[in-house]
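The residues making up each chain are set out below.
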Amino acid sequence: MDAHLARMLTSARQCRCCGATFAQLLSLSCDRPDVCPDDLVVQDNSAVLEERGDVLTEDFCRYGKLRFVRAVLALPLADSRGAEFLLGTWASLNEDDFDAYLDLFDMRETESMGSRPAWLANAIPPESGAPVACMRHMRPEGEYPELQVSESNNALARLQQTGVQLEELLELLYAYGHDLPSLVYDS
Ligand SMILES: [Zn+2]
């Protein structure tokens, strides 16, 4: 493993903005799809069945004609022996897939959907442009589906295939507002 990365992974140093360690920052989460306005309040998942119209819950979002579910985008870290940067993000689905996923979610049988096309509904890094085409791979009970970028010329597809270099990861974290010099240079 890259020695600098190994040191970062076990460092107790904390980010200035949020108090997280580097290891904790390897798991970031977007609380809503980019198009979903900030004034839509996050509710319990039951609200998606109980309410009509626009709704945002922990794992589902219905906004106008758009349908979203929570999904994970994993970027492997280069030279890390399997460490990953995990982004809790959102996938945009067609209405049929959304309804089918919702039906299966309560029964914990979403894995039976296999792999379905979806769009990444959060720009990564933020403000980086148009939605990206993905495959959404279902995983076993209790785990969020995982997104695999299917546009082979997209920067994220390259990072998923070849892994993220430490410098690239630090840039990415910086784009999410994390003040990492305190983590990187003091240790
Ligand atoms: Zn921070």
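Presented here is an overview of the structure given in this document. (Residues numbered from 1 in each chain as written. Predicted model: local features only at pLDDT ≥ 70, side-chain atom pairs only at ≥ 80, totals over all residues.)

**Observations concerning the pairing of strand β4 (residues 60-63)**
As defined by bridge partners, strand β3 (residues 55-57) adjoins β4 across two bridges and the pair is classed as antiparallel. Paired with V55 across the strands is R62, a residue of β4. In this structure, the hairpin formed by β3 and β4 is closed by a connection of two residues. From the end of β4 to the start of strand β5 (residues 66-76), which pair antiparallel, there are two residues, and G64 there has a positive phi angle of about 55°. (Pairing = 2+ DSSP bridges. Helix = DSSP H or I, 4+ residues; strand = E, 2+ residues; numbered from the N terminus.)

**Side note on the nonpolar core**
Counting 37 residues, the largest nonpolar core has V69, A91 and L147 as the members making the most contacts within it. For this core, the leading source of residues is β5, giving six residues. If we skip the residues at most four places from it in the chain, L147 touches A71, V72, L73, T89, A91, A118, L120, C134 and R136. (Core = buried A, V, L, I, M, F, W, Y, C linked by C-beta atoms within 7 Å. Buried ≥ 20, exposed ≤ 12 C-beta atoms within 10 Å, placed from the backbone. Contact = placed C-beta atoms within 7 Å.)

**A few points about unusual backbone geometry**
Comment: phi is negative for the bulk of residues other than glycine, and the bulk of peptide bonds are trans. For the peptide bond that leads from I124 to P125, omega is -5°, which places it in the cis range. Relative to the elements of secondary structure, P125 occurs in the loop between β7 (115-120) and β8 (132-137). Although it is not a glycine, R108 sits at a positive phi angle of roughly 60°. By secondary structure assignment, the location of R108 is in the loop between α4 (95-106) and β7. The phi dihedral of E127 is positive, around 65°, even though this residue is not glycine. Mapping E127 onto the fold places it in the loop between β7 and β8.

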